[in-house]
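Observations on the three-dimensional arrangement
Chain by chain, the residues:
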Amino acid sequence: MNADMDAVVHPMAVVERGAIVGPGCQIGPFSNIGPDVSLLENVVVGSHVVIGGRTEIGSGTVIQAFASIGQPPQNIRHRGDSTRLVIGERNSIHEYVTMHVGTVDGGGITRIGNDGMFMVGAHVAHDCIVGDHVVMVNYSSVGGHCVVGNHVTIGAHAGIHQRLRIGNGAIVGGLAAVVRDVIPFGTVYGDRASLHGLNFKGLERQGFARDDRNRLYAAFKSVFDPNGIIQEGAKSVLEQDGDHPLVRELAEFVLTSKVRGLCTPDHSDPTGRFRAGGEPD
């Protein structure tokens, strides 16, 4: 163990030879820190936590009791390869959360951003790239090789199919089964999840002005016009208003959706409009 003198390691914790424990770290009783783990400064590890693999945890991250971090991926092709998990700064990782290292086939690394909250029982699978300020609510799960953008919220018990993209600012409703890409600032829910509007509250919280929200909404309606073709709508709004960053992000996301396609609106909605997310003010 290479532990800074300022670190506090409970005498009933096991920190294996080779592990790096930075200044200000705290490790609770009955936790096990593997030999290839690196804890940067001020990481707090509760009791009964297991951290293994080639795992790096960024400063200020707090891991609660019974979490299992950096274990081998749930992938039948994994043969104990030397792959990695990198977790950013100031994350809150709650009880029974699981995050796995990557696979050789998937690039060899699972990466978690900064300032996220991962509630009880949340799971991040191998080779995922998860952005900043992500909230995964209780028992939600992200399958392997997914890309989750910044400021995304994934509701309780929601399941994200492997190899999907969840765009910046999107909201996934509780119990949703998501089998297609979710556009930036999209709101999806249901089994199988469909698109029900935009996350206007999230846009407002991130400081986007009313004009920004209105222009994104206009582009959204054009792209998902029930009488049009989605890709053609995306190309059209890119030509008409592609200088606006939100509009460009939406259009480019749509045009680069390849693997499983997009979550799209349910135009059978009897109200005749997208219910969740409503319209901008």
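Because the structure is a prediction, the values reported are computed rather than measured.

Cut-offs used in this document
- Residues numbered from 1 in each chain as written.
- Predicted model: local features only at pLDDT ≥ 70, side-chain atom pairs only at ≥ 80, totals over all residues.
- Heavy atoms only, no water.
- Helix = DSSP H or I, 4+ residues; strand = E, 2+ residues; numbered from the N terminus.
- Rg over C-alpha atoms; globule rule 2.2 N^0.38 Å.
- Buried < 20%, exposed > 50% of the residue type's maximum accessible area, 1.4 Å probe, protein only.
- Contact = heavy atoms within 4.5 Å.
- Areas by Shrake-Rupley, 256 points an atom, 1.4 Å probe, with all protein chains shown as cover.
- Lys, Arg positive; Asp, Glu negative; His and termini not counted.
- Charge placed at Lys NZ, Arg CZ, Asp CG, Glu CD.
- Axes fitted to C-alpha atoms, helices over the stretch in contact; angles between N-to-C directions.
- Parallel < 35°, antiparallel > 145°, perpendicular 65-115°, else oblique.
- Left-handed = near helix turned anticlockwise from the far one by under 90°.
- Nonpolar A, V, L, I, M, F, W, Y, C, P; charged D, E, K, R; others polar.
- Pairing = 2+ DSSP bridges.
- pLDDT = per-residue confidence, 0-100.
- Phe/Tyr/Trp six-rings, centres within 6.5 Å; stacked < 30°, edge-to-face > 60°.
- Lys NZ or Arg CZ within 6 Å of the ring centre and 35° of its normal.
- Salt bridge = Lys/Arg side-chain N within 4 Å of Asp/Glu carboxyl O.

Some details on the overall build of the chain
Across its full length, the chain carries 4 helices and 29 strands. Computed over the C-alpha atoms, the radius of gyration of the chain is 21 Å, within 12% of the 19 Å expected from 2.2 N^0.38 for a compact globule of 281 residues. With the principal axes as the frame, the chain shows a C-alpha extent of 65 × 40 × 35 Å. Of all 281 residues assigned to the chain, the portion counted as buried reaches 49%. Expressed as a percentage of contacts within the chain between residues at least 6 apart in sequence, the contacts between residues at least 24 apart total 33%. Carbon and sulfur atoms make up 50% of the accessible area of the chain, which amounts to about 12,800 Å² in all. If the 23 positive side-chain charges of the chain are averaged to one point and the 29 negative ones to another, these points end up 5 Å apart.

Topic: the packing of helix H2 (residues 210–223) against helix H4 (residues 245–255)
One can describe the packing of H2 onto H4 by two numbers: an axis separation of 9 Å at closest approach and a directional angle of 25°. The orientation of H2 with respect to H4, classified from their angle, is roughly parallel. Here the hand of the crossing between H2 and H4 comes out right-handed. Residues Asp-212, Arg-215, Leu-216, Ala-219, Phe-220 and Val-223 of H2 lie in contact with H4, whose contacting residues are Leu-246, Val-247, Leu-250 and Val-254.

A look at the packing of helix H3 (residues 230–241) against H4
At a closest axis distance of 9 Å, the pairing of H3 and H4 adopts a crossing angle of 150°. As far as their axial angle goes, H4 and H3 are roughly antiparallel. Judged by the twist between their axes, the crossing of H3 over H4 is left-handed. Touching Ile-230, Gln-231, Ala-234, Lys-235, Val-237, Leu-238 and Asp-241 of H3 are Val-247, Arg-248, Ala-251, Glu-252, Val-254 and Leu-255, all from H4. In terms of residue class, the contact of H3 with H4 is built from 8 nonpolar, 1 polar and 4 charged.

Points about the sheet that holds strand S13 (residues 84–87)
In spatial order, the strands read S1-S4-S7-S10-S13-S16-S19-S22-S25; together these 9 strands make up an open sheet with parallel pairing. Among the strands making up the open sheet, the edge pair consists of strand S1 (2–3) and strand S25 (165–166).

Overview of the confidence of the model for the chain
Per-residue confidence for the chain gives a mean pLDDT of 94; residues scoring 70 or more make up 95%. Note that residues 271–277 has pLDDT below 50 and, in this model, 20 contacts with residues that lie over four places away or in other chains.

Some thoughts on the pairing of S13
Regular strands place side chains that alternate from one sheet face to the opposite one. As judged from the 4 bridges shared by strand S10 (residues 54–57) and S13, these two strands associate in the parallel manner. Residue pairing for S13: Thr-55 is matched across the bridge by Leu-85. Summarising the sheet, S13 and strand S16 (residues 109–112) pair through 4 bridges and their orientation is parallel. Bridge assignment links Arg-84 to a residue of S16, and that residue is Ile-109.

Some thoughts on the packing of aromatic side chains
In this structure the tally under the stated criterion is 5 aromatic pairs. Arranged with centres 6.4 Å apart and planes meeting at 20°, the rings of Tyr-217 and Phe-220 form a pair that is stacked. Taken together, the residues span about one helical turn, with Tyr-217 and Phe-220 both in helix H2 at a distance of 3 residues. Residue Tyr-217 shares its accessibility class with Phe-220, and that shared class is buried. Seen from the ring of Phe-253, Arg-165 lies directly overhead, with NZ or CZ sitting 3.9 Å from the centre.

Describing the pattern of salt bridges
Where charged atoms from two side chains of opposite charge approach closely, those side chains can pair. Per the counting criterion, the structure on display carries 9 salt bridges. Note that Asp-241 and Arg-215 form a salt bridge whose closest N and O atoms lie 2.6 Å from each other. In this pair, Asp-241 sits in helix H3 while Arg-215 sits in helix H2, placing the two residues 26 residues apart along the sequence. Residues participating in the shared-partner salt-bridge network are Glu-89, Arg-90 and Asp-115.

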